[in-house]
Amino acid sequence: MDPFSLLQDVLSMLPAQYAGDVVVVLSFLISTCALIARFWRPPDPTSKWVLVWTVVTAIAQARGWNLPAYQPGKKAAMVPATVPRSAVEQRLDVPPGSTRPGKPPARASPPG
């Protein structure tokens with residue numbers, strides 16, 4: 001059972017006035033978490049805030065948005081931080097140094 005049909009079943013059991021309140025509160029929670037996740041940089045992987053950051057970004061993703069580009073302990077290519085950057089660049093077949101954060105992958109030639 002997917003989450004949407006489960007939510008629909010639960011909301012159909014509630015009186016209409018309460019179902020509307022639940023939807024409003026959940027929407028506000030998701031939007032608030034999305035706003036927080038937009039401006040909160042990921043904490044260091046050893047920080048005590050990693051769990052809180054993970055929960056906030058998980059709630060923010062309930063709107064269907066993707067994972068944040070940078071996560072604690074991960075590189076921009078979404079591989080464990082222990083994987084050498086050269087191995088990631090080789091796997092992605094991109095020029096050296098193009099997997100650094102803030103740098104879009106370079107292409108050998110423009111798409112034609």
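Residues numbered from 1 in each chain as written. Predicted model: local features only at pLDDT ≥ 70, side-chain atom pairs only at ≥ 80, totals over all residues. Heavy atoms only, no water.

**Points about the overall build of the protein**
Keep this limit in mind: Here a helix means four or more residues in a row that DSSP labels H or I, a strand means two or more in a row labelled E, and each is numbered from the N terminus. Burial classification: accessible surface area is computed with a 1.4 Å probe over protein chains only, and a residue below 20% of its type maximum counts as buried, one above 50% as exposed, and the rest as partly exposed. Any two residues having at least one pair of non-hydrogen atoms within 4.5 Å are treated as being in contact.
Regarding its fold elements, the protein presents four helices and zero strands. For the protein, the N- to C-terminal ordering of α and β elements is α-α-α-α. Expressed as a percentage of the 112 residues in the protein, the buried residues total 21%. For the protein, restricting intrachain contacts to residue pairs at least 6 apart in sequence, the fraction spanning at least 24 positions comes to 23%.

**As for the packing of helix H2 (residues 16-39) against helix H3 (residues 50-60)**
The criterion, for reference: Note on geometry: axes are C-alpha line fits, over the in-contact stretch for helices, and angles between N-to-C directions span 0 to 180 degrees. The labels follow the angle: roughly parallel below 35 degrees, roughly antiparallel above 145, roughly perpendicular from 65 to 115, and oblique for the rest. Here a crossing is called left-handed whenever its near helix is offset anticlockwise from the far helix by less than a right angle, and right-handed whenever the offset is clockwise. Three classes are used: nonpolar for Ala, Val, Leu, Ile, Met, Phe, Trp, Tyr, Cys and Pro, charged for Asp, Glu, Lys and Arg, and polar for all others, with Gly counted as polar.
Between H2 and H3, the least distance of the axes is 7 Å, while the angle of their chain directions is 125 degrees. Put simply, H2 runs oblique to H3. Pair H2 / H3 crosses with left-handed handedness. Of the residues in H3, those touching H2 at Leu29, Ile30, Cys33, Ala34, Ile36 and Ala37 are Val56, Thr57, Ile59 and Ala60. Looking at the contact of H2 with H3 residue by residue, the classes come out as nine nonpolar, one polar and no charged.

**Topic: a nonpolar patch on the surface**
This is how it is decided: Each patch is built from residues that are more than 30% exposed by relative accessible area and take part in no salt bridge. Like charges join if they lie within 9 Å; nonpolar side chains (Val, Leu, Ile, Met, Phe, Trp, Tyr) join within 5 Å. Using the Shrake-Rupley algorithm and a 1.4 Å probe, accessible areas are obtained, with residue cover drawn only from the displayed protein chains. Note on definitions: salt bridges are taken to be side-chain nitrogens of Lys or Arg within 4 Å of carboxyl oxygens of Asp or Glu.
Taken together, the side chains of Leu6, Leu7, Val10, Met13, Leu14, Tyr18, Val22, Leu26 and Leu29 define a hydrophobic patch exposed on the protein surface, amounting to about 780 Å² of accessible area. Among the secondary structure elements, those contributing two or more residues to the nonpolar patch are helix H1 (3-13) and H2. Given a relative accessible area of 34%, Leu14 falls into the partly exposed group.

**Here's the deal with the UniProt feature "transmembrane region" (unreviewed entry) in the protein**
Formally: UniProt positions are given in the numbering used here, feature names are shortened, and annotations may be inferred rather than shown by experiment.
Within the UniProt annotation, "transmembrane region" (unreviewed entry) is assigned to residues 20-40. Along residues 20-40 the backbone is 95% helical and 0% strand, and the end-to-end C-alpha distance reaches 30 Å.

**Let's talk about the nonpolar core**
Note the cut-off: Only buried Ala, Val, Leu, Ile, Met, Phe, Trp, Tyr and Cys residues count toward a nonpolar core, and they belong to the same one when joined by side-chain atoms within 4.5 Å.
Cys33, Ala34, Ala37, Val56 and Ala60 form the largest nonpolar core, which has five residues in total. At the level of secondary structure, the elements contributing two or more residues to this core comprise H2 and H3. At three residues, the largest contribution of residues to this core is made by H2. Apart from residues no more than four positions distant in its own chain, Cys33 is found in contact with Val56, Ile59 and Ala60.

**Overview of the packing of aromatic side chains**
Centre-to-centre distance and the angle between the planes together describe a pair of aromatic rings. Quick reminder of the rule: Here a pair means two rings of Phe, Tyr or Trp (six-membered ring of Trp) with centres within 6.5 Å. Their orientation is stacked below 30 degrees between planes, edge-to-face above 60, and tilted elsewhere. By the criterion adopted, a ring carries a charge over it if an Arg CZ or a Lys NZ lies within 6 Å of its centre and within 35 degrees of its normal.
Scanning the model with the defined rule gives one aromatic pair in all. When the centroid spacing of 6.5 Å and the interplanar angle of 75 degrees are considered together, the rings of Trp40 and Trp49 count as edge-to-face. Residue classification places Trp40 among the partly exposed residues on the basis of a relative accessible area of 27%. Its guanidinium or amino end placed over the ring of Phe39, Arg38 lies 5.0 Å from that ring's centre, counting from NZ or CZ.

**Quick notes on the side chain of Thr57**
Which entries qualify depends on this criterion: Pairs of N or O atoms are called polar contacts if they sit within 3.5 Å, as long as, within protein, a hydrogen donor faces a hydrogen acceptor (for residues adjacent in sequence, only side-chain-to-side-chain pairs).
Assignment of secondary structure puts Thr57 in helix H3. Take Thr57: its relative accessible area is 5%, and that puts it in the buried class. Here the side chain of Thr57 touches Trp53 through a polar contact of 2.9 Å, landing on its backbone oxygen.

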